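Summary of the model geometry
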Amino acid sequence: MSWIREGELTIIERFCANVIKAGPMPKHVAFIMDGNRRYAQKCHVERQQGHSQGFDKLAQTLRWCLNLGIREVTVYAFSIENFKRSKEEVDGLMDLARQKFSRILEEQCFLNVCFAYTSRHEISNAVREMAWGVEQGLLEPSDVSESLLDKCLYTNNSPDPDLLIRTSGEVRLSDFLLWQTSHSCLVFQSVLWPEYSFWNLCEAILRFQMNYSALQKARDSYMEERRRQQMERDQAYVTKKLQQEGFASHGDSRRRRTLLQKCTAMREERIQGFLQALEHKRVDFFERLCTVSA
Ligand code: FPP
Ligand code: MG
């Protein structure tokens, strides 16, 4: 039957992929790959076999994403909660990750793997990092904002996911990317992860396309509100500075404008300095971790 396949997709799949690609496409898709153990039970195979097929399904899904022009994927591979599972299962999952991970990395797509992750832990860590920045004198308290928190998350190098898919019929986020998905299309599908198909992925993308303009509108108005809040904070900062220098806060609009520009530039400079220091701190932490575990 290989004649009906062109690479990863059959001709009919390729045709549908092209139809879907005519609409707005998600650039970044996140997956909660759920249902491996239920799949194993259903097929009367070992639990480890369910997880192993889950890994293989991820490799296949990444190729479909690539065929559809989706270059960035984030997966919830292992939550902090998953450590509560039996030692045998956790060890088995770690073994699978060691064996199959390099194969997954061969797929030519940006893959973010959230391992030993929970979103609340990520957000509270970002808040602690900003508090550290203020304590070190790298940041002013007024620099703390939603946009700075974005930059302190582990996902700071990626755009927010456009589409989040959870399989196995569970309708919850289980502490995954809570901050990053506030304007994403959430799609819950009943299929168990190892049985995920190209058609399931198409269905999720169609649902994203149906909601696209509403999502876009919500995202735009949120960004607008964020800009307005930043402007308000900058204005308040300037008012305080003018008062400290003994000027009337509302007088001399040219002085106020100049000070506003200067303050904005200084804020940007402080934030860049803080982010560089944060990067060094994180690199140091990982180097120390590698030395300890070597
Ligand atoms: C959820 O099914 C799946 C997991 C906890 C493991 C997910 C990991 C993979 C599929 C492999 C990808 C990993 C890497 C490192 C790239 P479940 O065990 O919760 O099954 P259930 O919901 O039926 O109980
Ligand atoms: Mg589960």
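Now for a look at the structure at hand. Computed from a prediction, not measured in an experiment: that's the story for all the values here. (Residues numbered from 1 in each chain as written. Chains lettered and ligands numbered in written order. Predicted model: local features only at pLDDT ≥ 70, side-chain atom pairs only at ≥ 80, totals over all residues. Heavy atoms only, no water.)

As for the side chain of Thr181
Its location among the elements puts Thr181 in the loop between strand 6 (163–166) and strand 7 (185–188). Ignoring anything within four residues of it in the chain, the contact list for Thr181 reads Pro161, Leu164, Leu173 and Leu186. (Helix = DSSP H or I, 4+ residues; strand = E, 2+ residues; numbered from the N terminus. Contact = heavy atoms within 4.5 Å.)

Points about the environment of Trp193
Relative to the elements of secondary structure, Trp193 occurs in the loop between strand 7 and helix 7 (198–244). A relative accessible area of 0% means that Trp193 is categorised as buried. Separated by 139 residues in the primary sequence, Trp193 and Gly54 place their C-alpha atoms 6.3 Å from one another. Contacts of Trp193, omitting those with residues within four sequence positions, involve Phe31, Met33, Asp34, Gly35, Asn36, Gly54, Lys57, Leu58, Thr61 and Thr167. A distance of 3.0 Å separates the side chain of Trp193 from the backbone oxygen of Gly54, its partner in a polar contact. (Buried < 20%, exposed > 50% of the residue type's maximum accessible area, 1.4 Å probe, protein only. Polar contact = N/O pair within 3.5 Å; in protein donor to acceptor, adjacent residues only side chain to side chain.)

Digging into unusual backbone geometry
Although it is not a glycine, Ala116 sits at a positive phi angle of roughly 50°. Summarising the element assignment, Ala116 is placed in strand 5 (residues 110–117). Accessibility expressed as a relative area gives 34% for Ala116, which makes it partly exposed. In the Ramachandran plot, Asp175 falls in the positive-phi region, its phi being about 60° despite a non-glycine side chain. Counting through the fold element by element, Asp175 comes out in the loop between strand 6 and strand 7. We classify Asp175 as buried; its relative accessible area is 17%.

A closer look at the packing of aromatic side chains
Throughout the structure, instances matching the rule amount to 13 aromatic pairs. Pairing Phe78 with Phe115 gives two aromatic rings, centres 5.3 Å apart and planes at 20°, and the pair type is stacked. With Phe78 in strand 4 (residues 72–79) and Phe115 in strand 5, this residue pair connects regions lying 37 residues apart in the sequence. When its relative accessible area of 36% is taken as the criterion, Phe115 is described as partly exposed. In this structure an aromatic cluster arises from ring pairing among Phe31, Trp193 and Tyr196. For Lys281, the ring lying beneath its charged end belongs to Trp132, and the centroid distance is 4.5 Å. (Phe/Tyr/Trp six-rings, centres within 6.5 Å; stacked < 30°, edge-to-face > 60°. Lys NZ or Arg CZ within 6 Å of the ring centre and 35° of its normal.)

Side note on the pattern of salt bridges
Taken as a whole and judged by the stated rule, the model has 24 salt bridges. Put simply, Arg228 and Glu232 hold a salt bridge, and the shortest N to O gap is 2.4 Å. In this pair, Arg228 and Glu232 are both assigned in helix 7, four residues apart and thus about one turn of the helix distant. By relative accessible area, which is 40% here, Arg228 ends up partly exposed. (Salt bridge = Lys/Arg side-chain N within 4 Å of Asp/Glu carboxyl O.)

A closer look at the pairing of strand 3 (residues 28–32)
Judged by how many residues are buried, strand 3 sits mostly within the fold: five of five residues are covered. Alternating residues of strand 3 divide into His28, Ala30 and Ile32 and Val29 and Phe31, and every residue in both groups is buried. Across four bridges, strand 3 lies against strand 4 in parallel orientation. Counterpart to Phe31 in the pairing with strand 4 is Val75. As paired elements, strand 3 and strand 6 share four bridges and run parallel to each other. Along strand 6, the bridge assignment pairs Ala30 with Leu164. (Pairing = 2+ DSSP bridges.)

Topic: helix 1 (residues 11–21)
Among all positions of helix 1, only Glu13, Ala17 and Ile20 are buried. Down the axis of helix 1, the buried side of the element spans an arc of 65°, and every buried residue falls inside it. Facing away from the buried side of helix 1 by over 90 degrees, the exposed positions are Ile12, Phe15 and Val19. (Arc of directions from axis to C-beta.)

Some words on the nonpolar core
One broad trend across soluble globular proteins is that nonpolar side chains are buried collectively. Counting residues in hydrophobic clusters, the biggest one holds 39 residues, and the most contacted among them are Phe31, Leu163, Tyr196 and Leu201. Listed by contribution, the elements that provide at least two residues to this core are helix 1, strand 3, helix 3 (47–67), strand 4, helix 4 (87–105), strand 6, strand 7 and helix 7. Considering each element in turn, this core owes the most residues, seven residues, to helix 7. Not counting residues up to four positions away in its chain, the partners in contact with Tyr196 are Phe31, Lys57, Thr61, Trp64, Ile165, Thr167, Gln189, Val191, Leu201 and Ala204. Formed by 12 residues, the second largest nonpolar core is a distinct cluster that contains Ala126, Leu149, Phe274 and Leu275. (Core = buried A, V, L, I, M, F, W, Y, C linked by side-chain atoms within 4.5 Å.)

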